[in-house]
Structures are given as C-alpha cells and as structure tokens.
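Coordinate analysis (summary)
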Amino acid sequence: MALTQTDRALVLALWKKMSTNVGIYTTEALERTFVAFPSTKTYFAHLDLSPGSSQVKAHGQKVADALTLAAHHLDDLPDSLSALSDLHAHKLRVDPANFQFFSHCLLVTLARHYPGDFSPKMHASLDKFLGLVTSALASKYR
Amino acid sequence: MVHFTADEKAAITSIWDKVDLEKVGGETLGRLLIVYPWTQRFFDKFGNLSSATAIMGNPRIRAHGKKVLTSLGLAVQNMDNLKETFAHLSELHCDKLHVDPENFKLLGNVLVIVLSTHFAKEFSPEVQAAWQKLVIGVANALSHKYH
C-alpha cells in the first residue's frame, strides 16, 4: 500500500498545520494508548506513567520527532527510519501489534483536535502513512 | 464474560445519549468504506461508491449505517450480556452475510474515531477506554457463533 500524491499532500498539510505542536498530540496519544490498551504499559515499566508525567511527555516528543522525520521522507521511509528499525528490532523488541494501538489512538487524538481537517480522505491518508511507518519499524524484526 | 464497571457504563451512556444514530452511523460506515476500501465488497448493490464524496452522500449507506448503529444501542442496553444479545446477529453475519469478523474490529475503531470528532471535549482517555472495551466486546459477541 503505497502513498499516492494526494495522501502525501494531505499528510504534509496537517503536519504543517500542527507545526511545533506534534509532541502535544503524540503525548496525548501515548496516554490514551496506556489507558485504553493497558497491556502496552508492559513496555514502559521503567517510566512514570501517571497523568501529566514529564517522562511520558519526553517520550511523546521523541515519537513526534520520528513521525515528523517520516512525514518529510515519504520517498525513502525504510532508509530514513533505518536506525529506529534497528532499535525496535534488536533492543526494544516491541511486539508489532502494539504499533496499531498507538496509531489508532493518534488518529483519535488528531480527530478531536482537528475535526475540520479530519475528512474521510485525510483519515485514510493518515492511516496509510502510520501503517507504512509501522511496517518500516518492524522491517528488521526477523 | 466482559464486565463493565459503573464508571465505564456511565462513560458510555453519557456519550450514547447524545448520538444522532443516522449522522454518526452514516459517517462511521462511510469512513469504513473509504479508509478500508476492501470492505466495499459487502456493498456492491448499494449504488454509487465511486468516490469518497459519493460514499458519504450515498443515502443507502447512510440508512444502513443508522441500522448498524441502532443495533449497537442494543449493546449499550445489555453491556453485561453481549454474547446472548448478539447471538442471532452473529449467526446472520456468519451464515447469510459471510462477513469476516475482522471487519467488526475495523468498524468499532472507526466508530471510536467518529465519536472523538463529535464529542471532542468529553472524549477523555478514560471515556475512550470504556468505548474500546464496548466495541471489542461487541466484535467478540458477533464472532461468537461463527463456525
């Protein structure tokens, strides 16, 4: 499932609109993931996961930076995410099923903060984009 | 059997009581068909599905979305008894409609996203979590009679 020109344009338009606030939304998405899908917390036993945690916020920013990088390298996702792929494959070893939980919660977050921009087409393009990022992250697992 | 706490039930009904079945149902089904186009396989006889605009404006899709969401109302009223409540519909989806249960999960998650756009302020992580529990419970109940 490759991104069309329309998909890319929509994703980049939203990223432009979010500007420096991407971290706010990825942090909210992380909080939602932990509450809605408690099994995901097993990967974060070393962090303080209480509401408003600065550690979750810091992690949210890391994820935001990675997604922003991905959004600006849609032509070469596997290459630009290569280091993160290695990290997730060999060090973190997060079961890939969990990326879907986070992706879903990010869509829930973006939908409520940008309802006017979250058309069905935008929804589809974002879902595809996150799917491709997830595939790239899991690409070196085995 | 799934157990919902009093808080979870309250979180669900507080949103449900404000849901416009046709609007939310139509939008949810429309988005499912747009975001996951392969789900259109069940709707060949529903008229024009040629574009996102056509799908969202299709009155038959809207009506069917309302039907689906009305059934979800059964879930809200019978949260402690989902498997029995959906036994007949489960048989129908297996034997007559031949719907892959994976679709129930897709629809459930699209519904959560649609609710998030319409009830942004109230849709806290806890409220979302209660709804995730409900939609997965319904998906499992609808799959229960498959053979």
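Keep in mind the model is a prediction, meaning the values are calculated, not measured.

Let's shift gears to the overall build of chain A. What chain A contains, in helices and strands, is 7 helices and 0 strands. In sequence order, chain A lays out its α and β elements as α-α-α-α-α-α-α. Taking 14 Å as the expected radius of gyration for a compact globule of 142 residues, we find that chain A reaches 14 Å, a close match to that expectation. Counting only C-alpha atoms and orienting by the principal axes, one finds that chain A spans roughly 40 × 35 × 25 Å.

A word on the UniProt feature "domain: Globin" (unreviewed entry) in chain B. The sites that carry the UniProt feature "domain: Globin" (unreviewed entry) are, in the present numbering, residues 3-147 of chain B. The distance separating the terminal C-alpha atoms of residues 3-147 of chain B is 25 Å; by composition the span is 70% helix and 0% strand.

Once that is clear, we can look at the pattern of salt bridges. All names here are of chain A. Inspection of the entire model under this criterion finds 11 salt bridges over all chains. With its nearest N and O atoms 2.5 Å apart, the salt bridge here joins Asp75 to Arg8. Highlighted residues: Asp75 in the loop between helix H3 (54-71) and helix H4 (77-80) and Arg8 in helix H1 (residues 5-18), separated in sequence by 67 residues. By relative accessible area, Asp75 is classed as exposed at 68%. One network of salt bridges, in which partners are shared, links Glu28, Arg32 and Arg112.

UniProt tags residues 2-142 of chain A as "domain: Globin" (unreviewed entry). Between the C-alpha atoms that bound residues 2-142 of chain A there is a distance of 22 Å. The span itself is 70% helix and 0% strand.

On to the layout of surface pockets, then. Where empty space is left becomes clear once a probe the size of a water molecule has been rolled over the atoms. Empty space within the largest pocket amounts to approximately 1,100 Å³. Looking at the lining of the largest pocket, the elements with two or more residues in it are H1, helix H6 (97-113) and helix H7 (120-138) of chain A together with helix H2 (21-35), helix H3 (52-57), helix H7 (102-118) and helix H8 (125-143) of chain B. Top contributing element to the lining of the largest pocket by residue count: H7 of chain A, with 10 residues. Grouping the constituent residues of the lining of the largest pocket by class yields 24 nonpolar, 14 polar and 6 charged. Put simply, the second largest pocket is a space of about 860 Å³. What lines the second largest pocket is a set of 30 residues, among which Phe44, His59, Val63, His88 and Leu92 of chain A lie closest to the centre. With 7 residues, H3 of chain A is the single largest residue contributor to the lining of the second largest pocket. Considering only residue class, the lining of the second largest pocket consists of 19 nonpolar, 9 polar and 2 charged.

Thresholds applied
Residues numbered from 1 in each chain as written. Chains lettered and ligands numbered in written order. Predicted model: local features only at pLDDT ≥ 70, side-chain atom pairs only at ≥ 80, totals over all residues. Heavy atoms only, no water. Helix = DSSP H or I, 4+ residues; strand = E, 2+ residues; numbered from the N terminus. Rg over C-alpha atoms; globule rule 2.2 N^0.38 Å. UniProt positions renumbered as here; feature names shortened; annotations may be inferred. Salt bridge = Lys/Arg side-chain N within 4 Å of Asp/Glu carboxyl O. Buried < 20%, exposed > 50% of the residue type's maximum accessible area, 1.4 Å probe, protein only. 1 Å grid on protein atoms, 1.4 Å probe; cavity = no way out; pocket = protein on both sides within 12 Å on 5 of 7 lines; lining within 4 Å. Points joined across faces, edges and corners; volume = space filled by probe spheres on them. Nonpolar A, V, L, I, M, F, W, Y, C, P; charged D, E, K, R; others polar.

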